[in-house]
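Architecture at a glance
Here is what each chain is made of, one letter per residue.
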Amino acid sequence: MENPSETRTILVIHGPNLNMLGKREPEVYGKDTLEDIDAGLKEAGRHLGVVVETFQSNHEGVIVEKIQEIMTTHQGLIINPGAYTHTSVAIRDALLLLNFPIVEVHLSNIYKREPFRHHSMVAGVATGQISGLGMQGYFLALEYTSSCINLRFSNKLKF
Ligand code: CA2
């Protein structure tokens, strides 16, 4: 059996309404579906030497529970909390449980949009944020997160 201490697994969480990607508002969020993005991330993960898991929920508590579940099983998190970005103290508090890299991703540039989207509850507890680069943002986040994990395994980085 694989030694659990040697797994290199990154979870990608998509928040509410992101299951509608490619089906509505392509001018804002692009024409790729969530299934396209998830399949691309899993394939990219194989090239980067990490396992990518993906998860989508429209429910805040379900996202909180998923974050709690990965505390000891995963080594990186990429999260687009959707509209919960701007409201959820619960997701922010759950992220504080994790001691590995967390990248917050937004397809749109939240700072160019309505004022209520300018504040992220998550930004202050994430390692970093990518906003406005469309689906490429997820792939850039994956490159960063996987390089942190691979460096850690070669003992060059502590987190
Ligand atoms: O730009 C982003 O990625 C957002 O996280 C997307 C959220 C929005 O509330 C945030 O302010 C910024 C909304 C996701 C809605 O996704 C849809 C996709 C297709 C059609 C309709 C909604």
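Look a little higher up for the structure.
Source: prediction; values computed, not measured. (Residues numbered from 1 in each chain as written. Predicted model: local features only at pLDDT ≥ 70, side-chain atom pairs only at ≥ 80, totals over all residues. Heavy atoms only, no water.)

Re the packing of aromatic side chains
Under the defined criterion, the tally for this structure stands at zero aromatic pairs. Arg8 extends its terminal NZ or CZ atom over the ring of Phe153, reaching a point 4.2 Å from the ring centre. (Phe/Tyr/Trp six-rings, centres within 6.5 Å; stacked < 30°, edge-to-face > 60°. Lys NZ or Arg CZ within 6 Å of the ring centre and 35° of its normal.)

Quick word on the site of the ligand
In the region of the ligand, 17 residues are neighbours, and Asn80, His86, Leu107, Ser108 and Arg117 sit closest. His86 has a polar side-chain atom sitting 2.7 Å from an oxygen atom of the ligand. The side chain of Arg117 places a nitrogen or oxygen atom 2.9 Å from an oxygen atom of the ligand. Burial of the ligand by the surrounding chains reaches 93%, relative to a free accessible area of 510 Å². (Near = heavy atom within 4 Å. Polar contact = N/O pair within 3.5 Å; in protein donor to acceptor, adjacent residues only side chain to side chain. Areas by Shrake-Rupley, 256 points an atom, 1.4 Å probe, with all protein chains shown as cover.)

Focus: the side chain of His14
The residue His14 is located in strand E1 (residues 9–14) in this model. Its relative accessible area of 0% is what places His14 among the buried residues. A distance of 3.3 Å separates a polar atom in the side chain of His14 from a polar atom in the side chain of Tyr138. Once you skip the residues sitting within four places of it in the chain, His14 turns out to touch Leu34, Asp38, Phe55, Gln56, Ser57, Asn80 and Tyr138. (Helix = DSSP H or I, 4+ residues; strand = E, 2+ residues; numbered from the N terminus. Buried < 20%, exposed > 50% of the residue type's maximum accessible area, 1.4 Å probe, protein only. Contact = heavy atoms within 4.5 Å.)

Some words on the sheet that holds strand E2 (residues 51–56)
Reading across the sheet, the five strands line up as E2-E1-E3-E4-E5 and stay open at both edges, with parallel pairing between neighbours. Since the sheet does not close on itself, it has two edges, and those belong to E2 and strand E5 (128–131), each with one partner. Strand after strand, the sheet turns through a mean of 20 degrees between neighbouring axes, direction not considered. As defined by bridge partners, strand E3 (residues 76–80) adjoins strand E4 (residues 102–106) across three bridges and the pair is classed as parallel. Residue pairing for E4: Ile78 is matched across the bridge by Val103. Here helix H2 (residues 34–48) sits on the sheet in contact with E1 and E2, set at roughly 160 degrees to E2. Packed on one face of the sheet, helix H3 (residues 60–69) meets E1, E2 and E3 and runs near 170 degrees to E1. (Pairing = 2+ DSSP bridges. Axes fitted to C-alpha atoms, helices over the stretch in contact; angles between N-to-C directions.)

Digging into unusual backbone geometry
Positive phi, close to 75 degrees, is recorded for Asn17, a residue that is not glycine. Of note in the backbone geometry, Glu25 takes a positive phi value of approximately 45 degrees without being a glycine. Among the secondary structure elements, Glu25 is positioned in the loop between E1 and helix H1 (26–29). Among the residues examined, Glu25 registers a relative accessible area of 43% and is labelled partly exposed.

With respect to the pattern of salt bridges
One pass over the full model with this rule turns up four salt bridges. Connected through salt bridges with shared partners, the residues Arg113, Glu114 and Arg117 form a single ionic network. (Salt bridge = Lys/Arg side-chain N within 4 Å of Asp/Glu carboxyl O.)

Overview of the packing of H2 against helix H5 (residues 136–153)
At a minimum axis distance of 10 Å, the contact between H2 and H5 shows a crossing angle of 30 degrees. By the angle class used here, H2 and H5 are roughly parallel. When you trace H2 past H5, the crossing you get is right-handed. Between H2 and H5, the residues in contact are Ile37, Gly40, Leu41, Ala44, Gly45 and Leu48 and Tyr138, Phe139, Leu142, Glu143, Ser146 and Asn150, respectively. (Parallel < 35°, antiparallel > 145°, perpendicular 65-115°, else oblique. Left-handed = near helix turned anticlockwise from the far one by under 90°.)

Purely geometric numbers; function is a separate question.
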